[in-house]
Amino acid sequence: VFKPVRVLVTGATGFVGHHVVSSLSDAGHRILGMSRSPVRTPRLAGLDLCAYQMGEPLPRKVTEWMPEAVVHLAWEGIPDFSRQRCMHNVDDQTGFLRLALELPSVSRIVAAGSCSEYGAALGLSSGSAEVTPDDHLGRAKVSIHQMLRTDCAEVRVGLTWFRLFYVYGPGQRLESLVPSVLHQLASGNSPVVEQPDDARDFVYVSDVAEAFERAIHSTRAHDVIDLGFGQLQLVREVVDAAISGTDVTFRPTGECPQPPLEGLWANLDAARDLLGWRPTTSLVEGIRLTRVDLGLSSK
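The shown structure was predicted, so the numbers you read here are calculated from the model rather than taken from an experiment. (Residues numbered from 1 in each chain as written. Predicted model: local features only at pLDDT ≥ 70, side-chain atom pairs only at ≥ 80, totals over all residues. Heavy atoms only, no water.)

A.B. asks: For the packing of helix H1 (residues 15-26) against helix H6 (residues 205-215), give the residues involved together with the corresponding values.
C.D. replies: A pair of packed helices is characterised by two quantities: the angle between their axes and the separation of those axes. At their nearest, the axes of H1 and H6 sit 8 Å apart, and the two run at 55 degrees to each other. One element, H1, and the other, H6, form an angle in the oblique class. Relative to H6, the crossing made by H1 is right-handed. Residues Phe-15, Val-16, His-19, Val-20, Ser-23 and Leu-24 of H1 pack against Val-205, Ser-206, Ala-209, Glu-210, Phe-212 and Glu-213 of H6. Counted by class, the contact of H1 with H6 contains seven nonpolar, three polar and two charged residues. (Axes fitted to C-alpha atoms, helices over the stretch in contact; angles between N-to-C directions. Helix = DSSP H or I, 4+ residues; strand = E, 2+ residues; numbered from the N terminus. Parallel < 35°, antiparallel > 145°, perpendicular 65-115°, else oblique. Left-handed = near helix turned anticlockwise from the far one by under 90°. Contact = heavy atoms within 4.5 Å. Nonpolar A, V, L, I, M, F, W, Y, C, P; charged D, E, K, R; others polar.)

So, in structure tokens, the structure goes:
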């Protein structure tokens, strides 16, 4: 029998946050969103929002509302992933999460990690809790995860730690790959992209949001789960999908006949076995939906 849950969502007005809030709301959960800048957009018209700066004491509105689950998405400073910015996020977020774990009503934390935690690994990800990051973002996410593993176990709060791969879709920063390519096309230009032969695991944001909603119902103590499409695609394939049906030709600089397909892709075993989740939105469909959301048409 479905039981609605009171869910506190940090980063609720961000790119992924918009979609997670929508998925939780559609499923019938009660939501309180937190954001440093709680500005309502059409997507968040009915959301109850609370202004909050990570690291500050919890607002009375939160403590009195008594959330049963916390979805933690907040990350300040994107796209600045310098050491200073990442360490600032670690300090502020661990402070917030420890305050959240003091709330007797909270029984589960669902948090967003990153595929950068895997460091220089290539191929199918290990899906292991133990990883070796090699950049500031990866190390920062691992620090937060380690704190949560320890503190959640001490107070018997369940934890789902999602490692997100390359999420795209409506609401993404315009400087990001997919919206940038779509805007160039809408202006009648052939897309200019850096490193067209990079291979990444692209996953549509609504599919990711569905996994967060499913994790709310988990009763397991601690899970580490990859969220990706489970396969590599070249950046040039993203552009090819975007220009499909137009008269634009993409001629990347330094094109090679058979570019090497090297990279890291998500291990979906845990998502399938623990949540019954798999991504369903193809790259072509995801790009089409993003174009529609942006109100763009190809010229």
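A.B. asks: Tell me about the packing of helix H5 (residues 177-186) against helix H9 (residues 283-294), residues and numbers included.
C.D. replies: Contact pair H5 / H9: the axes reach a minimum separation of 10 Å and the direction vectors enclose 65 degrees. Where H5 crosses over H9, the handedness of that crossing is right-handed. Residues Val-178, Pro-179, Leu-182, His-183 and Leu-185 of H5 lie in contact with H9, whose contacting residues are Ile-287, Thr-290, Arg-291 and Leu-294. Partitioned by chemical class, the residues of the contact of H5 with H9 number six nonpolar, two polar and one charged.

A.B. asks: Tell me about unusual backbone geometry, and please be specific about residues and values.
C.D. replies: For the bond running from Ile-78 to Pro-79, omega is 10 degrees, close enough to zero to count as cis. When you line up the elements, Pro-79 lands in the loop between strand S4 (69-72) and helix H3 (83-101). The backbone of Met-66 shows a phi angle near 55 degrees, a positive value even though the residue is not glycine. In this fold, Met-66 is placed in the loop between helix H2 (60-65) and S4. Judged by its relative accessible area of 41%, Met-66 falls in the partly exposed class. (Buried < 20%, exposed > 50% of the residue type's maximum accessible area, 1.4 Å probe, protein only.)

A.B. asks: Outline the sheet that holds strand S5 (residues 108-114), listing residues and values.
C.D. replies: Note: strands within a sheet are paired through backbone hydrogen bonds, in either parallel or antiparallel orientation. As summarised here, the arrangement of the seven strands in space is S3-S2-S1-S4-S5-S7-S11, forming an open sheet in which the pairing is parallel. This sheet does not close on itself; its edge strands, each paired only once, are strand S3 (48-51) and strand S11 (222-227). Neighbour-to-neighbour, the strand axes of the sheet open up by a mean angle of 20 degrees, direction not taken into account. Pairing analysis gives four bridges linking strand S1 (residues 6-10) to S4, with the strands arranged parallel. Counted as the bridge partner of Leu-8 is Val-70 from S4. Across the face of the sheet, H6 comes into contact with S4, S5, strand S7 (158-164) and S11 while running at roughly 170 degrees to S7. (Pairing = 2+ DSSP bridges.)

A.B. asks: I'd like to hear about the pairing of S11, residue by residue, with values.
C.D. replies: A regular strand places its side chains on the two faces of the sheet in alternate fashion. Here S11 lies mainly inside the structure; five of its six residues are buried. As defined by bridge partners, S7 adjoins S11 across six bridges and the pair is classed as parallel. Its bridge partner lying in S11, Thr-160 is registered against Asp-223.

A.B. asks: Go over the pattern of salt bridges with me, naming the residues and quoting the values.
C.D. replies: Per the stated rule, a full pass over the model turns up 17 salt bridges. With a closest N to O distance of 2.9 Å, Arg-98 and Asp-151 form a salt bridge. With Arg-98 in helix H3 and Asp-151 in helix H4 (residues 136-155), this residue pair connects regions lying 53 residues apart in the sequence. According to the relative accessible area criterion, Asp-151 is buried, its value standing at 15%. Arg-272 is the salt-bridge partner of Asp-269, the closest N and O atoms lying 3.5 Å from each other. Of the two residues, Asp-269 and Arg-272 both sit in helix H8 (residues 269-275), three residues apart, roughly one turn of that helix. Residue classification places Asp-269 among the partly exposed positions, given a relative accessible area of 39%. Linked through salt bridges whose partners overlap, the residues forming this network are Lys-3, Arg-6 and Glu-68. (Salt bridge = Lys/Arg side-chain N within 4 Å of Asp/Glu carboxyl O.)

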